[in-house]
Amino acid sequence: MDISAPLGWTVSVTEVGHPDALLLRRAYSEELIRRYHDRPATESEIVEVTGDGVDVSEPSGVFLVARDGATPVGCVGVRWLGGGTGELTRVFVRAEARRGGAGARLVGAAEEVARARGVSRILLNTRKDLVEAIALYGRLGYRPTEPYGDDPYAEVWMARVLAGSGPTGESAAPDRTGG
């Protein structure tokens with residue numbers, strides 16, 4: 001599935017082991033580690049944080065890669081949590097490709113895939129220091145929600161009801177948790 005994105009980008013579901021997906025997953029991990037510790041990431045830290053990606057591989061989830069032509073420039077994962085709920089994760093755009101709506105389009109592509117899977121509500125969590133991500137999610141309609149999960153680094157939890165994601169395309173019921 002290819003989805004339109006900014007500046008002629010394409011966004012497509014990609015196996016997490018594909019070289020483009022692995023490149024972006026490692027870049028995402030390196031940036032998270034560097035920002036959290038305020039120092040360069042070690043190779044062992046990158047490998048540990050990158051993991052195997054099974055949580056964003058079918059049947060547990062899906063991973064999307066954005067490309068500008070043949071160049072991988074961003075990624076996003078969605079985990080299937082069940083009960084019509086998904087979780088946005090690993091939202092990342094390479095520094096040289098940021099601005100101009102890239103992050104918003106990438107999240108939109110993930111939401112489109114989730115909606116097609118019957119997901120009516122998306123959760124996410126992030127760290128307080130990732131202020132750009134928090135601002136992006138707020139602009140896209142994500143709202144604070146109750147903490148969930150066991151991610152030791154999660155400090156901010158947000159949710160969004162996906163319009164038009166009901167079983168016959170109608171809007172989903174209102175989110176009662178603030179999302």
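Analysis parameters
Residues numbered from 1 in each chain as written. Predicted model: local features only at pLDDT ≥ 70, side-chain atom pairs only at ≥ 80, totals over all residues. Heavy atoms only, no water. Helix = DSSP H or I, 4+ residues; strand = E, 2+ residues; numbered from the N terminus. Buried < 20%, exposed > 50% of the residue type's maximum accessible area, 1.4 Å probe, protein only. Contact = heavy atoms within 4.5 Å. Areas by Shrake-Rupley, 256 points an atom, 1.4 Å probe, with all protein chains shown as cover. Phe/Tyr/Trp six-rings, centres within 6.5 Å; stacked < 30°, edge-to-face > 60°. Pairing = 2+ DSSP bridges. pLDDT = per-residue confidence, 0-100. Arc of directions from axis to C-beta.

Looking now at the overall build of the protein chain. Along the backbone of the protein chain there are 4 helices and 8 strands. From first element to last, N terminus to C terminus, the protein chain shows the α and β order β-β-α-α-β-β-β-α-β-α-β-β. Burial status across the protein chain gives 46% buried among its 179 residues. In the protein chain, the share of contacts with a sequence separation of at least 24, taken over all contacts with a separation of at least 6, comes to 58%. With the model as given, the accessible surface of the protein chain reaches about 9,200 Å², and the carbon-plus-sulfur share is 53%.

It is worth spelling out the packing of aromatic side chains at this point. Summed over the entire model, instances satisfying the criterion amount to 3 aromatic pairs. Summarising the aromatic geometry, the rings of Y36 and Y153 are spaced 5.1 Å apart at their centres and angled 85° between planes, so their arrangement reads as edge-to-face. You can see Y36 sitting in helix α1 (residues 19-37) and its partner Y153 sitting in the loop between β7 (143-144) and β8 (156-161), a full 117 residues away along the chain.

With that out of the way, let us pick up the pairing of β8. Sheet topology note: the strand β6 (residues 121-126)/β8 ladder contains 6 bridges and is antiparallel. Bridge pairing in β8 links T126 to V156.

Now for the confidence of the model for the protein chain. Here the protein chain averages 88 in pLDDT, while 88% of its residues score no lower than 70. Taken together, the stretch residues 166-179 has pLDDT below 50 and engages in 24 contacts with residues farther than four places along the chain or on a different chain.

Where helix α2 (residues 43-50) is concerned, the buried positions are E45, I46 and T50. One face of α2 carries all of its buried residues, which in axial projection span an arc of 125°. Along α2, the residues that are exposed and aim more than 90 degrees away from the buried face are S44 and E48. Elements in contact with the buried residues of α2: α1. Once α2 finishes, G51 follows within two positions and takes phi at roughly 60°, a positive value.

What helix α4 (residues 131-139) keeps buried is the set A133, L136 and Y137. Buried residues of α4, viewed axially, fall in a sector of 95°; they line one side. Buried residues along α4 sit in contact with β5 (85-93), α3 (102-116), β6 and β8. The positive-phi residue at the C-terminal boundary of α4 is G141, with phi of around 100°.

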